[in-house]
Amino acid sequence: MTSATERPFLFLDVDGPLIPFGSPAGAAAPADRGNPLLTRLDPGIGARLMALGCDIVWATTWWEEANEVVAPRVGLPRLPVLDRPDPSAEEGPRGLHWKTRPLVEWANGRPFVWVDDEISAMDRLWVAAGHPGPSLLHRVDPAKGLEDADFRALAGWLDAVTPR
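Read on for an overview of the structure. (Residues numbered from 1 in each chain as written. Predicted model: local features only at pLDDT ≥ 70, side-chain atom pairs only at ≥ 80, totals over all residues. Heavy atoms only, no water.)

Of note, Arg-110 is situated in the loop between helix H3 (100-107) and strand S3 (112-116). On the accessibility criterion, Arg-110 (18% relative accessible area) is buried. A distance of 2.7 Å separates the side chain of Arg-110 from the side chain of Asp-55, its partner in a polar contact. (Helix = DSSP H or I, 4+ residues; strand = E, 2+ residues; numbered from the N terminus. Buried < 20%, exposed > 50% of the residue type's maximum accessible area, 1.4 Å probe, protein only. Polar contact = N/O pair within 3.5 Å; in protein donor to acceptor, adjacent residues only side chain to side chain.)

The structure is reproduced here in structure tokens:
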């Protein structure tokens, strides 16, 4: 169990979990900055994510643009952004996602959930070996994005590791 002041982190990817690749894109409006995929964002998903009771961190190649373009469309506040990996840092084993090492370092032993569509067996092994706290690496179907079943799985895991 974690203390009440030590909320779990939720590392959140954009492409796949928030912008599903399998849904039809609408016509790009001028406010979409010419990106028709933005019409796939669910404006209510931010409230559902906030209700999970985690400290949310962007873990996406949208970098700071996630705060400028995605967050306002889904009802999220400005969030911290996982740093780009240092190119001079030692590479991990083959198949390790670029996000894995930085998010384990960011979590620094605190419980965390990683929501992404590119989580591999190597990522799971790396986190299990290198992270002393509880973790859930939750892979989302990129064709569907975050769905009710995903939210049930996240909430169930969080209920098991954090007091409400």
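Summed over all chains, the structure comprises six salt bridges. Notably, a salt bridge pairs Asp-55 with Arg-110, separated by 2.7 Å at the nearest N-O pair. Linking Asp-55 in strand S2 (residues 55-58) with Arg-110 in the loop between H3 and S3, this pair joins segments that are 55 residues apart in sequence. Relative accessible area serves as the criterion here: at 27%, Asp-55 is assigned to the partly exposed category. (Salt bridge = Lys/Arg side-chain N within 4 Å of Asp/Glu carboxyl O.)

Our focus in this paragraph is the sheet that holds S2. In space, the four strands of this open sheet follow the order S2-S1-S3-S4, with parallel pairing throughout. The open sheet terminates on both sides in strands that have one partner only, identified here as S2 and strand S4 (135-139). Ignoring strand direction, the axes of neighbouring strands in this sheet form an average angle of 15°. Here strand S1 (residues 9-12) runs beside S3; their pairing, made up of four bridges, is parallel. Each residue of the ladder has a partner; that of Phe-11, found in S3, is Trp-114. The strands that helix H5 (residues 148-161) touches are S3 and S4; relative to S4, the one it contacts most, it runs at about 175°. (Pairing = 2+ DSSP bridges. Axes fitted to C-alpha atoms, helices over the stretch in contact; angles between N-to-C directions. Contact = heavy atoms within 4.5 Å.)

All told, the structure shown has three aromatic pairs when counted by the stated rule. Ring geometry for Phe-9 against Phe-11: centres 5.7 Å apart, planes inclined by 35°, an arrangement best described as tilted. A residue is classified by how much of its surface remains accessible, and Phe-11, at 0% relative accessible area, is buried. Ring plane angle 45° and centroid distance 5.2 Å describe the contact between Trp-63 and Trp-98, whose orientation is recorded as tilted. Remark: Trp-98 occurs in the loop between helix H2 (65-74) and H3 and Trp-63 occurs in the loop between S2 and H2; sequence separation between them is 35 residues. Site record: aromatic cluster; members linked through ring pairs are Phe-9, Phe-11 and Phe-112. Above the face of the Phe-151 ring, Arg-48 is positioned so that its terminal group lies 4.1 Å from the ring centre. The ring centre of Phe-9 lies 3.8 Å from the NZ or CZ of Arg-110, which sits over that ring. (Phe/Tyr/Trp six-rings, centres within 6.5 Å; stacked < 30°, edge-to-face > 60°. Lys NZ or Arg CZ within 6 Å of the ring centre and 35° of its normal.)

Inspection of the secondary structure puts Asn-35 in the loop between S1 and helix H1 (45-50). Only 2.9 Å separates the side chain of Asn-35 from the backbone nitrogen of Leu-37, close enough to count as a polar contact.

A word on the packing of H3 against helix H4 (residues 121-130). Look at H3 against H4: their axes get within 10 Å of each other, and the N-to-C directions meet at 30°. Between H3 and H4, the angle is such that the two are roughly parallel. Crossing hand, H3 versus H4: right-handed. Contacts from Thr-100, Arg-101 and Val-104 of H3 reach H4 at Asp-123, Trp-126, Val-127 and Gly-130. Grouping the constituent residues of the contact of H3 with H4 by class yields three nonpolar, two polar and two charged. (Parallel < 35°, antiparallel > 145°, perpendicular 65-115°, else oblique. Left-handed = near helix turned anticlockwise from the far one by under 90°. Nonpolar A, V, L, I, M, F, W, Y, C, P; charged D, E, K, R; others polar.)

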